[in-house]
Structures are given as C-alpha cells and as structure tokens.
Amino acid sequence: MVWNFIGFIGSQASGFVIFILLAMKLPPEIFGVVALAAVAADIISMDGRFACMDAVMQADDFSKKTLNTSFLAFFLVALPFSIGMVLLGIFVGKIEGYELVGEFLPIFGLMVLAVPWLAIMDAIIMRNLGFKQMTQRSILGTIAGGIVGIAVVFSPYMIWALVAQRLVTLAVVILFEFRYTRWFPGRDVDWSATIPFLKRFFPLLAISSLNQAAPRITMVVFGARYDTATVGLLRAANRIGDTLQGPLVSPMMGLWFPLMTKVRGDRAGEANIYTNIIWTASLLSLPAFAGLALISQDVATVLLPESYSGVGPILRAIAIISLPIPLAWFNAIAMTALDMNKTSLTYTIVTVTITVGVLLAIPDVTPATAIIVMSVPSWFIAIYGNILIHRRIGLDHAHHYFGMAPAILATLAMVGVVSMLYMLGSDWPAIVRLTSSASAGALVYAGWLYIFHRNWLMERVSLIRGRA
C-alpha cells in the first residue's frame, strides 16, 4: 500500500502545482470547457479502463490469446464511442457559447482509442501487484503532461494547454507501460471468448460509470443551469479536493480486488480486510475534509487568483459531502470484490438516481447549496449498503462502526481547536491563519490518537506501510 500512497501523493502534488500554474494564466471558463468536453471521454478512458483491468484480473488468465481477445472486445466498445464523440463535437460546436467544447470533443474522442491497449497493460502490471510501476508511470505522466501544458499556456495557443496536457500524459503513460510489459495486441484471438469477457466487463463498467455519474451529471447540469465559468469554479474546487482525496483515500481503491481474491471464501479474512480498509480510510479522510471545510475560503484565497474567488463556498460544500467517505465511498467496489455484482449495480443505480433526481428537482439555488442538498440522501442509502456488506461477511454492525470512533473523536477535538483559532485570528492575513490552523489541527489530531488510541493508530499505520 505504501507505493499506492507514494504514487498518489507524487502525481497529485505535481498535478496540483501544475493546476495552480495553469490557473494563473487561464480563466475559469477554459477549465469549464475542458471539464464538459471530458465528461463523455472519461467513461471509457477512466471507467472503461479500470473495468477492463478488473475483468481481466477476475478471469485470471494472462495467456496471449486471452489478452488479445480482451483487448479486441474492449476496442469494439471504445470505437463506436469514439465515433459518437466526434459527431457530438460537430453538433455541440454549433451551439452559441459552447463552440470550444465542440472543438475539444473530437480530440478527446480519438484519445479514447488508445485506452484498450493501456487497460490490458494495466492488468499485466497489477497481476503481480505492481504498485511501484504504476506509481512511477503516474508521476512521470503527470509531470511530462504538466510541462507541456505550461509551455503551451505561454504560447499563442494557450486555450489548448489543457488538451495538450492530457495528450502528452496519455502518450507518456502508454510508452512507460509498454516498456515494462512489452505487450502489443496480436491477431491470435478467440472470438467466442469475447462474450464472456463482455459479460464481466459491462457490469464493472456500469458500476464504475454509475459511481461517477452524479459528479459528471452535476457538471452538465451546472453548465446548463449556470455557465462555463461556474463549471470552471467547480472544476477548480474539485481539483483541490482531489489533491487531498487522491493520496489519502484513492490508494485503498486498488486494494480491494487483489486482497479479496486472496481470501475468497474465508469470511473472517474478508471481514478483516473490509474493516481494516474502512477504519484506515476514517483515520485519513475525516480530519482532512473536516479541516478543509473550516479553512476552505483561506485555501482558495491563498492558492488561486482573484478570478477564482467563487471557489471558496463550493470547496466548503465538497469538503462537507466528503466527510462520509468511510461509510459511502467503498460500498460499490467492496460489493463487487465480494462477488456481489448484482447488489452493487442495484445499489449504485438507486444512489445515482436519487442523487441526480434531487439535483434536478431543487430550485435555482447557489452551486454550493445544490452540491450539499443533492448528496444528503446518498448518506442514508450508504448505511443500508454497509448493512448488506456486513451481512455478507458476517460482520457485527456495532463492532464495525465503533472501530471508527477513535478517528471521529480525534476529529471533533481538532475541529474545536481549529474553530477557536479561527475566531481568534479573524483579522490575521489569510496565509497566517491558514498555516497556523492547519498546523494546530494536525498536532491536536495526531496527539489525541497517540495519547488515547495508540494501539488503534499503530494498526492503521501498519496497514499503510504494507505490514498488516
């Protein structure tokens, strides 16, 4: 797990620095345009890629013919999707105010065609838990793409900087993985095996896409209800939130399939893995997002130029809805890793349907209010999802939730101290208030756990270091 953390910290840190540099030159509207154009492409380039990797790993057959077949099946899905994006770009480009979205869509659509090759190489690397290689490729791709993006932003073609960044990142990642795996699609294919692959692939794709459907639909709704500038502010706030979420929580997403595969059929082992991942997520995510909710305006003021002044309230809303991460964020992938595919799909459909329904039903409110209101129902659905998983692995509900108590208590202590410090420093410069609050909060949180819950803390640290 330590390589997962290093990878996310390295890629997120470098990506965040690049984002800040680009934000100094690009207005929110450009970020909004790219975010809207990427909504469709990410269904294949992100959800499809990981669904393909997981489908290959579930089959546990890495023969050349099987890998070729898996590549072909995924490519046959990606190809019409790519064509559709090119045609959609022609249509969207004729809409006033969205001409640039129409120009970006075909480029993102063509980039989709390289994803099936990348997905198979991902699976080959992860077969042997190659977190180190995944870390190296992520950091290298992020830095290379960032350098090109920054170079373009200082050229006459600055509006294409974010597109150039994505293109170069994709190319570097592909070259790195090919150098490691030496795998290239071949003609030795078993056509009859494409159907079994797609039967594994589509449920995984559906679950992954549905998990991301709410934020993507939110982007589209914000674009229609507000404007591209508001979408750009939302994208900037999400980028800051992702910088925390990436290294703190996302590495644990990569643990479910490899670890659950090793204990399949052993309910005690499954319960042990489940509780350890969730409790470790609570250790890392609760203080981070509780603190961010308190200091969000200062974060936006210190990091971003004046044109992004509207990011603060949206960032606070994102931090608030991220607090239930230990309860809600892992339900779908945990169900899938436990062979509860149908349950996972149903759970995700219900969650997304209600969340999006609330978003569309609420009146014309501020973006920050809309983000919070649309998320509240999913918190209650998440509790029911927890109960379904607990029943499957024979886990006592009280035992599981009580295991998060140390992180909750330490977070409450941290919130009390930071809130008091914020009131005392209301007239301080934003940078002074931000650094003093963050430092005091981290000290109180770590100190509370070390003094009152030392054994629990050491168990979580062991998991992070890969020794649990």
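Attention in this report is confined to the structure presented alongside it. Only a predicted model underlies this, so the values are computations on that prediction, with no experimental measurement involved. (Residues numbered from 1 in each chain as written. Predicted model: local features only at pLDDT ≥ 70, side-chain atom pairs only at ≥ 80, totals over all residues. Heavy atoms only, no water.)

1. Some points on the overall build of the protein
Turning to step 1, where the next piece is worked out: Looking only at helices and strands, one finds 20 helices and zero strands in the protein.
Turning to step 2, where the next piece is worked out: Scaling as 2.2 N^0.38, a compact globule of 468 residues should have a C-alpha radius of gyration of about 23 Å, and the protein matches this with 22 Å.
Turning to step 3, where the next piece is worked out: Expressed along its principal axes, the backbone C-alpha trace of the protein runs to roughly 70 × 60 × 45 Å.
Turning to step 4, where the next piece is worked out: When burial is assessed residue by residue, the protein has 54% of its 468 residues classed as buried.
Turning to step 5, where the next piece is worked out: Taking the contacts inside the protein whose residues are at least 6 apart along the sequence as the reference set, 82% of them involve residues at least 24 apart. (Helix = DSSP H or I, 4+ residues; strand = E, 2+ residues; numbered from the N terminus. Rg over C-alpha atoms; globule rule 2.2 N^0.38 Å. Buried < 20%, exposed > 50% of the residue type's maximum accessible area, 1.4 Å probe, protein only. Contact = heavy atoms within 4.5 Å.)

2. Quick look at helix H5 (residues 115–127)
Turning to step 1, where the next piece is worked out: Its 13 residues give H5 an end-to-end C-alpha distance of 18 Å, which sits within 8% of 18 Å, the value for a rise of 1.5 Å per residue.
Turning to step 2, where the next piece is worked out: Most of H5 is tucked away, with 12 of its 13 residues classed as buried.
Turning to step 3, where the next piece is worked out: Inspection of H5 places Val115, Pro116, Trp117, Leu118, Ala119, Ile120, Met121, Asp122, Ala123, Ile124, Ile125 and Met126 among the buried residues, and these make up the whole buried set. (Expected span 1.5 Å × (residues − 1).)

3. Quick notes on the side chain of Asn386
Turning to step 1, where the next piece is worked out: Mapped onto the fold, Asn386 is located in helix H16 (residues 367–393).
Turning to step 2, where the next piece is worked out: By relative accessible area, Asn386 is classed as buried at 1%.

4. A look at the nonpolar core
Turning to step 1, where the next piece is worked out: Core analysis: the largest hydrophobic core is formed by 142 residues, its most contacted members being Phe201, Trp256 and Val311.
Turning to step 2, where the next piece is worked out: In terms of residue count, helix H11 (residues 267–303) provides more of this core than any other element does, 18 residues in total.
Turning to step 3, where the next piece is worked out: Contact partners of Val311, with chain neighbours within four places excluded, come to Leu233, Ala236, Ala237, Ile240, Ala300 and Leu304. (Core = buried A, V, L, I, M, F, W, Y, C linked by side-chain atoms within 4.5 Å.)

5. With respect to the pattern of salt bridges
Turning to step 1, where the next piece is worked out: Applying the stated rule across the entire model yields eight salt bridges.
Turning to step 2, where the next piece is worked out: The salt bridge partner of Glu270 is Arg392, with a shortest N-O separation of 2.9 Å. Of the two residues, Glu270 sits in helix H11 while Arg392 sits in helix H16, which places them 122 residues apart along the sequence.
Turning to step 3, where the next piece is worked out: Classification of Glu270 as buried rests on a relative accessible area of 2%.
Turning to step 4, where the next piece is worked out: In this structure, the salt-bridge partner of Asp298 is Arg433, at a minimum N-O distance of 2.7 Å. Placement of the pair is Asp298 in helix H11 and Arg433 in helix H19 (residues 430–452), with a sequence separation of 135 residues. (Salt bridge = Lys/Arg side-chain N within 4 Å of Asp/Glu carboxyl O.)

6. What about H19?
Turning to step 1, where the next piece is worked out: With 23 residues, H19 extends 33 Å from end C-alpha to end C-alpha; this agrees with the ideal 33 Å at 1.5 Å per step.
Turning to step 2, where the next piece is worked out: Regarding H19, the residues found buried are Ala430, Arg433, Leu434, Ser437, Ala440, Gly441, Tyr445 and Leu449.

7. Re the packing of aromatic side chains
Turning to step 1, where the next piece is worked out: Enumeration over the complete set of coordinates arrives at 12 aromatic pairs.
Turning to step 2, where the next piece is worked out: Their ring planes at 50 degrees and their centres at 4.7 Å tell us that Trp448 and Phe452 sit as a pair that is tilted. Taken together, the positions of Trp448 and Phe452, both in helix H19 and four residues apart, correspond to about one turn of that helix.
Turning to step 3, where the next piece is worked out: The cationic tip of Arg166 hangs over the ring face of Phe108; the distance from NZ or CZ to the ring centre is 4.7 Å.
Turning to step 4, where the next piece is worked out: Over the ring of Tyr422 we find Arg433, and its NZ or CZ is 5.5 Å from the ring centre. (Phe/Tyr/Trp six-rings, centres within 6.5 Å; stacked < 30°, edge-to-face > 60°. Lys NZ or Arg CZ within 6 Å of the ring centre and 35° of its normal.)

8. A closer look at the packing of helix H18 (residues 405–424) against H19
Turning to step 1, where the next piece is worked out: Remark: H18 packs on H19, axes separated minimally by 8 Å, with the N-to-C direction vectors making an angle of 150 degrees. When the interaxial angle is binned, H18 and H19 end up roughly antiparallel. Of the two possible hands of crossing, H18 and H19 adopt the one that is right-handed. Residues Pro406, Ala407, Leu409, Ala410, Thr411, Ala413, Met414, Val417, Val418, Leu421 and Tyr422 of H18 form the contact with H19, whose participating residues are Arg433, Ser436, Ser437, Ala440, Gly441, Val444, Tyr445, Trp448 and Leu449.
Turning to step 2, where the next piece is worked out: Of the residues contributing to the contact of H18 with H19, the split by class is 15 nonpolar, four polar and one charged. (Axes fitted to C-alpha atoms, helices over the stretch in contact; angles between N-to-C directions. Parallel < 35°, antiparallel > 145°, perpendicular 65-115°, else oblique. Left-handed = near helix turned anticlockwise from the far one by under 90°. Nonpolar A, V, L, I, M, F, W, Y, C, P; charged D, E, K, R; others polar.)

9. Quick notes on the packing of helix H8 (residues 194–225) against helix H15 (residues 341–361)
Turning to step 1, where the next piece is worked out: The contact between H8 and H15 brings their axes to 8 Å, and the two run at 10 degrees. The angle between H8 and H15 places the two elements in the roughly parallel class. Contact with H8, carried on its side by Ala206, Ile207, Leu210, Asn211, Ala213, Ala214, Ile217, Thr218, Val221, Phe222 and Arg225, involves Asn341, Ser344, Leu345, Thr348, Ile349, Val352, Thr355, Val356, Leu359 and Leu360 of H15 and no other residues of that element.
Turning to step 2, where the next piece is worked out: In terms of residue class, the contact of H8 with H15 is built from 14 nonpolar, six polar and one charged.

10. Focus: the environment of Pro313
Turning to step 1, where the next piece is worked out: Its place among the elements puts Pro313 in helix H12 (residues 311–321).
Turning to step 2, where the next piece is worked out: A relative accessible area of 38% means that Pro313 is categorised as partly exposed.
Turning to step 3, where the next piece is worked out: Residues Pro313 and Asn331, spaced 18 residues apart in sequence, show a C-alpha to C-alpha distance of 28 Å.
Turning to step 4, where the next piece is worked out: In contact with Pro313, not counting residues within four places along its chain, are Gln297 and Ala368.

11. Focus on the environment of His400
Turning to step 1, where the next piece is worked out: Tracing the backbone through its elements, the reader meets His400 in helix H17 (residues 397–402).
Turning to step 2, where the next piece is worked out: Put simply, His400 and Ala271 are 129 residues apart on the chain and 9.5 Å apart in space, counted from C-alpha to C-alpha.
Turning to step 3, where the next piece is worked out: Beyond its immediate sequence surroundings of up to four residues, His400 is in contact with Tyr274, Thr275, Ile278, Trp279, His390 and Leu395.

12. What to know about a nonpolar patch on the surface
Turning to step 1, where the next piece is worked out: On the surface, a nonpolar cluster with roughly 360 Å² of combined accessible area is contributed by Leu79, Ile83, Leu87 and Ile90.
Turning to step 2, where the next piece is worked out: Within the element layout of this structure, Ile90 appears in helix H3 (residues 64–92). (Patch = residues over 30% accessible without salt bridge, like charges linked within 9 Å, V, L, I, M, F, W, Y side chains within 5 Å. Areas by Shrake-Rupley, 256 points an atom, 1.4 Å probe, with all protein chains shown as cover.)

13. A look at unusual backbone geometry
Excluding glycine, a negative phi dihedral is what most residues carry, and trans is how most peptide bonds are arranged.
Turning to step 1, where the next piece is worked out: Backbone geometry places Arg182, a non-glycine residue, at a positive phi of 55 degrees.
Turning to step 2, where the next piece is worked out: Summarising the element assignment, Arg182 is placed in the loop between helix H7 (161–181) and H8.
Turning to step 3, where the next piece is worked out: Residue Arg182 is classed as exposed on the basis of its relative accessible area of 60%.
Turning to step 4, where the next piece is worked out: Of note, the phi angle at Asp339 is positive, near 60 degrees, even though the residue is not glycine.
Turning to step 5, where the next piece is worked out: Position of Asp339 relative to the elements: it lies in the loop between helix H14 (331–337) and H15.
Turning to step 6, where the next piece is worked out: Classification of Asp339 as partly exposed rests on a relative accessible area of 49%.

Purely geometric stuff here, so don't read any function into it on its own.
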